[in-house]
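Residue strings, one per chain:
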Amino acid sequence: MNLRSASLTLLLFFTLSFSKAQKHNPIPVIFDTDIAGDYDDVGAMALLHAFADKGEAKILATISCNAFETTAPTISVINTYFGRPDIPIGIVKKDKPNKDCAQRWAQAIIAGYPHKIKSNSQAVEAVSLYRKILASQADGSVTIISVGFFTNLADLLRSGADKYSKLTGVQLVKQKVKNLVSMATGIGADGKTFSEYNVNVDAASAQEVFKNWPTPITLSGFEIGEKILTGIKLTHNYSIQNSPIKDAFQIALDRDKNTIGRNSWDETAVLTAIRGPKPYFTYRKLNMEIKDDGTDVVIPGERFLYLQFAMEPGAVAKDIEQLMMHQPLKKAKR
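Per chain, residues are indexed from 1 in the order of the written sequence. Predicted model: local features are reported for residues with pLDDT of at least 70 only, side-chain atom pairs are reported and counted for 80 or more only, and whole-chain, interface and lining totals are derived from all residues. The side-chain values count all of the structure's non-hydrogen atoms but skip hydrogen atoms and water molecules.

Asker: A description of the packing of helix 4 (residues 105-112) against helix 12 (residues 244-256) should follow, citing residues and the corresponding values.
Answerer: Axis definition: a line fitted to C-alpha atoms, over the contacting stretch in the case of helices. Angles run 0 to 180 degrees between N-to-C directions. Strands here are runs of E lasting at least two residues and helices are runs of H or I lasting at least four, both read from the DSSP assignment and numbered beginning at the N terminus. Helix 12 packs onto helix 4 with a crossing angle of 145° between their chain directions and a minimal axis gap of 9 Å. Here helix 4 and helix 12 pass one another in a crossing that is right-handed. Together, Trp105, Ala108 and Ile109 of helix 4 and Pro244, Asp247, Ala248, Ile251 and Ala252 of helix 12 make up the contact between the two elements. Under this grouping Gly is polar, as are all residues other than the nonpolar Ala, Val, Leu, Ile, Met, Phe, Trp, Tyr, Cys and Pro and the charged Asp, Glu, Lys and Arg. Counted by class, the contact of helix 4 with helix 12 contains seven nonpolar, no polar and one charged residues. A crossing counts as left-handed when the near helix is turned anticlockwise from the far one by less than a right angle, and as right-handed when that turn is clockwise. Between two residues, a contact is recorded if the distance between any of their heavy atoms is within 4.5 Å.

And the structure:
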């Protein structure tokens, strides 16, 4: 081999190695959830930990936008189950939003599985944790996944300089966040408007984020997750034992008398945030305005990427549920 050939071979080796490293570089994620009122959040957290185990995601923090008493302990149960008990947990330190777990799956897994955070009082205040984590990350690197209310994100935007950063909240987000992927909004039969739960609960905060968030935003609307049903294969997988993910779905599905599966709203946000829309989705560019009552209205513009199906919902569900059934690389002892 002559010198020129050797140089080309060496260059090719380093190019391929660099491309491979880039491809497998885990995405730094902050996960913001209202976990309690629904259990698709549980499925979403299972996906996120599966991606972390596969080297596709790095979970920087898990934060609750819901003040209900089970939320921080539930997050702690799931983080512990997947062998990551030390992931920082934050929570909104306000009286509201406060949405309960009427099906009591959260209470059941808190009682049945180990966890470090025993009450919300032990979790860090949400905005403080956001600012601490973001300040320590590389510029333009962090993906925020929001599958609940916009309370924490609006409070982050309104925040001022503190011990973690001299930047305002807007400046800090602009500098550190790559994009925001959110399960929120919807487009109804009229092609223009919808009233969606995650927006409605704290419409004022949704308005703040939709007006002032300084990075790209991808939205997985109500009608996307509504058509993707998961949970039945998980609960019927008898090789999975002693799993809070399986238990949560089993309890909730049984109490709903649901034999077809739960709508996978939150899972779609995690899937898209980590692996991108393709091959499951495409998107359209649009703009949205949030009214005072929480109704979203499509208006002229191209600010948001709004998911649309590229595959049949059943095919997407199959891949999501396979990820939901991922087992921890190292399980915590009960």
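Asker: Any chance you could break down the environment of Asn152 for me, citing the residues and the numbers?
Answerer: Mapped onto the secondary structure, Asn152 falls in helix 6 (residues 151-158). Only protein chains enter the area calculation, which uses a 1.4 Å probe; residues under 20% of their type maximum are buried, those over 50% are exposed, and those in between are partly exposed. A residue is classified by how much of its surface remains accessible, and Asn152, at 1% relative accessible area, is buried. Residues Asn152 and Ile224, 72 residues apart in the sequence, show an inter-C-alpha distance of 24 Å. The residues touching Asn152, leaving out its near neighbours within four places in the chain, are Asp32, Ile63, Ser64, Cys65, Val92, Ala126, Val127 and Tyr130.

Asker: Please give an account of helix 4 that cites residues and values.
Answerer: Residues separated by three or four positions in an α-helix point in the same direction, a consequence of the helix having 3.6 residues per turn. Turning to helix 4, its buried residues number three or more, namely Trp105, Ala106, Gln107, Ile109 and Ile110. In this structure, the buried side of helix 4 is in contact with helix 2 (40-53), helix 3 (71-81) and helix 12.

Asker: Could you give an account of helix 3, with specific residues and numbers?
Answerer: For helix 3, the buried fraction is high: 11 of the 11 residues fall into the buried class. Listed as buried for helix 3 are Thr71, Ala72, Pro73, Thr74, Ile75, Ser76, Val77, Ile78, Asn79, Thr80 and Tyr81. Tucked inside the fold, the buried residues of helix 3 contact strand 1 (27-33), helix 2, strand 2 (57-64), strand 3 (89-91), helix 4 and helix 12. With its phi angle positive at about 80°, Gly83 sits one or two positions after the end of helix 3.

Asker: So what's going on with the nonpolar core? Residues and values would help.
Answerer: Among buried residues, those of type Ala, Val, Leu, Ile, Met, Phe, Trp, Tyr and Cys that are joined through side-chain atoms within 4.5 Å constitute a nonpolar core. Residues Val42, Leu48, Trp105, Ile145, Val270 and Leu271 are the most contacted members of the largest nonpolar core, which totals 65 residues. When residues in this core are grouped by element, the largest group, nine residues, is from helix 2. If we skip the residues at most four places from it in the chain, Val270 touches Phe31, Ala44, Leu47, Leu48, Phe51 and Ile145. In terms of nonpolar packing, the next biggest core, distinct from the first, is built from 35 residues, Leu134, Ile144, Ile187 and Val298 among them.

It is worth stressing that arrangement in space is one thing and function is another; only the former is reported here.
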